[in-house]
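Observations on the three-dimensional arrangement
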Amino acid sequence: MYRDMTCGEPRRTDTGKTITLAGWVHRRRDHGGLTFIDLRDFSGLMQIVFNEDSAPEAHTIAGDLRSEWVVQVKGVVQERRAGADNPDLPTGEIELLATDITVLNRSETPPFEIEDDQNIADETRLRYRFIDLRRPRMYKNLKLRHDVVQVARDYMCSHGFLEIETPILLKSTPEGARDYVVPSRVHPGSFYALPQSPQQLKQILMVSGVDRYFQFAHCFRDEDLRADRQPEHTQLDFEMSFVEQDDVLEVLEELYTKLVHETRPDLEVPSPFPRMTYAEAIERYGSDKPDLRFGMEVSRLTDIVSGSGFGVFESVAASGGAVRAIVAPGCAGYTRRQTDELVEFVRSSGAQGLIPMHISADAASLDTATLDDIRSPIKNHVSLETLKEMAAASGAAPGDLMLIIAGPERVVNVAISNLRAEMGKRLELADPGVFSFAFVVDFPLFEWDDDRNGWAAMHHVFSAPRPQDVGLLDSDPGAVLGQLYDLVLNGVELGSGSIRIVDRAVQEKVFGIIGHSPEDVEERFGQLLRAFQYGAPPHGGMGLGLDRIVMLLANEDNIREVIAFPKTQAAVDPLFDAPGPITQEQLRELSIRVVEAGG
Ligand code: ASP
């Protein structure tokens, strides 16, 4: 054994013991006859003292030590001299008086210090990920991720779920992103697709009588990357037979409550998780993933302003668009600069602009307010009466700032919900000690895809309509609601799931509405449909982003912080320099010719 204890382990009660520790040299300080090093491993830091008089040889070696050298030190645990305690360290009352030291390995000077909260470029951090992961915060995140997985696995196993692996080399799955493909050497010109999720496989497992399945599944999606996306991510993927929506939601609520309680007992989890329909979420928050830790609900002013005489409002209302607003409480004093910033913010969310309306705190009430109490670019275009009606409908009072966005419904909803989140952040309305989960249910089964000029599956093609809506599939697909649900936490979508279609006629109708040709269906989904001909039990399930829940539990704002080896925003791994070219020989074996990069 190289060590008796880890570096963070010794305590005052170990005083007098002779122990051996091993780790990395975190820092060295020379004080003439005394040399100090902080020795570090995953568990913490331990101060080591080398005394020229009592251990001259060890002291000489210690004088040569550099940052990140790997050493083994033997010595006696002693109390630090009076006044030299470090209350910030669990080992801060003691030190190891070294008798022997062995240098196990040397290190180049690291590109950055092993300290938390340093400002290091992402590229550098990822290129030197082995150094980056030595930082305590990163180790803590890895450990937290491990704990989350353990708790989830425990829960699933004790509730009758079987952990089953599914292949990575397979075929396109129906999640709607671009596939990553792998060429087959033995079948020239043929390709595997990496799974975007194990969707069809888990459904086939249900047909196989597995009853309950789960897996921590790697999912590969070649998408344009956003802050919380990676080309590959991990899902806690599960599927259950003979269940209805409520059965699935019950599992989710228990599981996520337990996950938080066991890994972050300091957090409060309101229960039961509220359930909200998609329509209600959009109406109240403009978003299907609202942060429920604060109010600031979105009001709808379209009817009030449709005859206001103000051109922008009137034309938006006439073209079926929306005028919506939120109220920033107590923000009537915002300066021009502050509101200009918000205008920029909503523009970056796709809106044309933002209309602020300040209601002076000097007004005794909304009723008695005069034009002088209102500051807004629309105050001379809209009657005082209408302005007051708008304010009343939004719940604004003197001292408040109304923020109004007009435009096409979808654009307005995106912009106003982003603005709500932003104002929540600026005004610190959300309690960071609360994990506010919610189920959003009754999503529409289809959404209109402008690019294809046709219907697309809101979730994926196997999600079932609500039984009472099946009749609408022929007459009004846009009105069909699905047995589709999302789990949302503090404004973040954690995952989606559904009860699946097991009725062939319904499945064919759905394919038809989306515009899949029979050949397309056979090519992509033939295997699942064949399995369904042999007795598919009613079933449903969910795919939950593991990276995201760990990110939130770790209080990080990017999933890269909770993935050991993530890729950059440009889908590159700087440590391995991946992706990279392959040799001519490999290309020949694969019968592939690279025409022109990007061509
Ligand atoms: N496969 C789905 C997804 O990745 C989840 C599910 O429907 O179970 O979103």
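Remember, it's a predicted structure, so these values are computed and weren't measured experimentally.

Parameters and conventions
- Residues numbered from 1 in each chain as written.
- Predicted model: local features only at pLDDT ≥ 70, side-chain atom pairs only at ≥ 80, totals over all residues.
- Heavy atoms only, no water.
- Helix = DSSP H or I, 4+ residues; strand = E, 2+ residues; numbered from the N terminus.
- Buried < 20%, exposed > 50% of the residue type's maximum accessible area, 1.4 Å probe, protein only.
- Contact = heavy atoms within 4.5 Å.
- Areas by Shrake-Rupley, 256 points an atom, 1.4 Å probe, with all protein chains shown as cover.
- Pairing = 2+ DSSP bridges.
- Axes fitted to C-alpha atoms, helices over the stretch in contact; angles between N-to-C directions.
- Near = heavy atom within 4 Å.
- Polar contact = N/O pair within 3.5 Å; in protein donor to acceptor, adjacent residues only side chain to side chain.
- Nonpolar A, V, L, I, M, F, W, Y, C, P; charged D, E, K, R; others polar.
- Phe/Tyr/Trp six-rings, centres within 6.5 Å; stacked < 30°, edge-to-face > 60°.
- Lys NZ or Arg CZ within 6 Å of the ring centre and 35° of its normal.

Helices and strands together make up the secondary structure of the protein chain, namely 17 helices and 22 strands. Its C-alpha atoms give the protein chain principal-axis dimensions of roughly 90 × 75 × 55 Å. The buried share of the protein chain, reckoned over its 599 residues, is 49%. Looking at the protein chain alone, contacts between residues at least 24 apart form 67% of all its contacts between residues at least 6 apart. Within the structure as shown, the protein chain displays about 29,000 Å² of accessible surface, and the carbon and sulfur contribution to it stands at 50%.

Another point: the sheet that holds strand β4 (residues 70–79). The sheet built from 5 strands closes into a barrel, its strands ordered β1-β2-β3-β5-β4 with mixed pairing. This sheet shows a mean twist of 55 degrees between the axes of neighbouring strands, independent of strand direction. Judged from the 7 bridges that link them, strand β1 (residues 18–31) and β4 form a sheet pairing that is antiparallel. Directly across from G23, in β4, lies its bridge partner V71.

What follows concerns the pairing of strand β3 (residues 44–51). Two faces belong to every sheet, and in a regular strand the side chains alternate between them. Across the 8 residues that make up β3, a large majority, 6, are buried. Hairpin geometry of strand β2 (residues 34–41) and β3 is characterised by an intervening segment of 2 residues between the two adjacent antiparallel strands. As judged from the 2 bridges shared by β3 and strand β5 (residues 94–105), these two strands associate in the parallel manner. Within β5, the position partnered with I48 by the bridge is L96.

This part is about the sheet that holds strand β10 (residues 232–241). In space, the 8 strands of this open sheet follow the order β6-β9-β10-β22-β21-β20-β17-β11, with mixed pairing throughout. Every other strand in the sheet has two partners, leaving β6 (162–163) and β11 (275–277) as the edge strands with one partner each. When β11 meets strand β17 (residues 437–441), the two strands line up parallel, connected through 3 bridges. By the bridge assignment, T277 is partnered in β17 with V441. Relative to strand β9 (residues 212–220), helix α4 (residues 136–158) is tilted by about 150 degrees, and along the sheet it contacts β6, β9 and β10.

A separate point is the site of the ligand. Lining the immediate environment of the ligand, one finds 14 residues, of which E175, Q199, K202, R221 and R500 sit closest. Contact distances for the ligand include 2.9 Å between an oxygen atom and a side-chain N or O atom of R221. The side chain of H459 places a nitrogen or oxygen atom 3.4 Å from an oxygen atom of the ligand. Put simply, the parts of the chain that give the shell around the ligand at least two residues each are α5 (199–207), β21 (492–499) and β22 (539–545). Counting residues per element, the shell around the ligand draws most heavily on β22, at 3 residues. Class assignment of the residues belonging to the shell around the ligand gives a composition of 1 nonpolar, 9 polar and 4 charged.

Along the chain, the position of D14 falls in the segment before β1. A polar side-chain atom of D14 sits 2.7 Å from a polar atom in the side chain of K17. When neighbours within four sequence positions are excluded, D14 is seen to be in contact with M5, E9 and V77.

Turning our eyes to something else, we now look at the packing of aromatic side chains. Two numbers describe a pair of aromatic rings. These are the distance of the centres and the angle of the planes. Overall, the coordinates contain 14 aromatic pairs when judged by the stated rule. Geometrically, the ring pair formed by F310 and F313 is edge-to-face, given 4.9 Å between the ring centres and 90 degrees between the ring planes. On the accessibility criterion, F310 (13% relative accessible area) is buried. The class for F313 is buried, based on a relative accessible area of 0%. With a centroid separation of 5.3 Å and an interplanar angle of 5 degrees, the aromatic rings of F511 and F525 are classed as stacked. A residue pair is termed long-range when its members are at least 10 positions apart, and F511 in helix α14 (residues 504–514) and F525 in helix α15 (residues 518–532) qualify at 14 residues. Note on F511: relative accessible area 4%, which makes it buried. If you follow R420 out to its NZ or CZ, it ends over the ring of F294, 4.3 Å from the centre.

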